[in-house]
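Working through the structure, step by step
Chain residues, written in single-letter form:
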Amino acid sequence: MARIFLFTKPMGVHSQFTDAKSPTERPTLSGFGLPADVYAAGRLDRDSEGLLVLTDDGQLQARITSPRARTEKTYLAQVEGNPTFNDLAPLRDGVDLKDGKTRPAKVSLIDPPNLWPRDPPVRVRQTVPDRWIEVTLTEGRNRQVRRMTAAVGFPTLRLVRWRVGRWSLDDIAPGTWREA
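These numbers were taken from a predicted model, which means no experiment stands behind them. (Residues numbered from 1 in each chain as written. Predicted model: local features only at pLDDT ≥ 70, side-chain atom pairs only at ≥ 80, totals over all residues. Heavy atoms only, no water.)

**Re the overall build of the chain**
A tally of regular secondary structure across the chain gives three helices and 11 strands. A globule of 180 residues ought to have a C-alpha radius of gyration of about 16 Å, and the chain, at 16 Å, matches this closely. With the C-alpha coordinates of the chain rotated into their principal frame, the extents come out at 45 × 35 × 35 Å. Buried positions account for 46% of the 180 residues belonging to the chain. Considering only residue pairs separated by 6 or more positions, the chain has 72% of its internal contacts joining residues 24 or more positions apart. (Helix = DSSP H or I, 4+ residues; strand = E, 2+ residues; numbered from the N terminus. Rg over C-alpha atoms; globule rule 2.2 N^0.38 Å. Buried < 20%, exposed > 50% of the residue type's maximum accessible area, 1.4 Å probe, protein only. Contact = heavy atoms within 4.5 Å.)

**Considering the packing of aromatic side chains**
Enumeration according to the criterion identifies two aromatic pairs in this entry. Ring geometry for Phe5 versus Trp177: centroids 5.5 Å apart, planes at 80°, classification edge-to-face. Taken as a pair, Phe5 in strand β1 (residues 4-9) and Trp177 in strand β11 (residues 177-179) lie far apart in primary sequence, 172 residues in all. (Phe/Tyr/Trp six-rings, centres within 6.5 Å; stacked < 30°, edge-to-face > 60°.)

**Considerations on the pattern of salt bridges**
The tally for this structure, following the rule as stated, stands at 11 salt bridges. The partner of Asp45 in a salt bridge is Arg143, with the nearest N and O atoms 3.1 Å apart. With Asp45 in the loop between β2 (39-40) and β3 (49-55) and Arg143 in the loop between β8 (130-137) and α3 (144-151), the pair connects residues that are 98 residues apart, well separated along the chain. Classification of Asp45 as partly exposed rests on a relative accessible area of 22%. Taking relative accessible area as the criterion, Arg143 reaches 34% and is therefore assigned partly exposed. We note a salt bridge from Glu72 to Lys106, for which the minimum N-O separation is 2.7 Å. Here Glu72, found in the loop between α1 (58-65) and β4 (73-80), pairs with Lys106, found in strand β7 (residues 106-110); they are 34 residues apart in sequence, far enough to count as distant. (Salt bridge = Lys/Arg side-chain N within 4 Å of Asp/Glu carboxyl O.)

**Thoughts on unusual backbone geometry**
For the bond running from Asp119 to Pro120, omega is 0°, close enough to zero to count as cis. On the secondary structure map, Pro120 appears in the loop between β7 and β8. Positive phi values are uncommon outside glycine, yet Arg70 reaches one of about 55°. Tracing the sequence through the fold places Arg70 in the loop between α1 and β4.

Structure follows, in structure tokens:
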């Protein structure tokens, strides 16, 4: 029976258990008391936060991360600017990036979510508005949401993965985990 754990990755944490590429000590998953012999099914950049699904089942891990499986991943993104529904249409159609056109995403404007404070906080600029959007993808390219929002003129300021497949953050505080 596969073991599945849901972890809320804080900003600044590397989403692996070791970080051999860093010449200095950076926080990794090993500092959060996660069970032995589990591995993250996918990654989140160090400057992104939110849900990581960890499992000891290699086949499940592959299904979650495989673009062919089309596992939905939902992100809450605070973007610079004040996009309208129509401004986000290119995201719903697919955006041309350097590594090819993305699959169409589900995108909507949302009210600011009730999230934990970010450390460090997002830079607030008095003269530049920001807006929250929800983006659901079925692929997982490197820094995809950030590259997509930048491509349409609304750079991402804060990115939180809220859901992967049927699992969501719900009430899992940053730096904590629970068994699914």
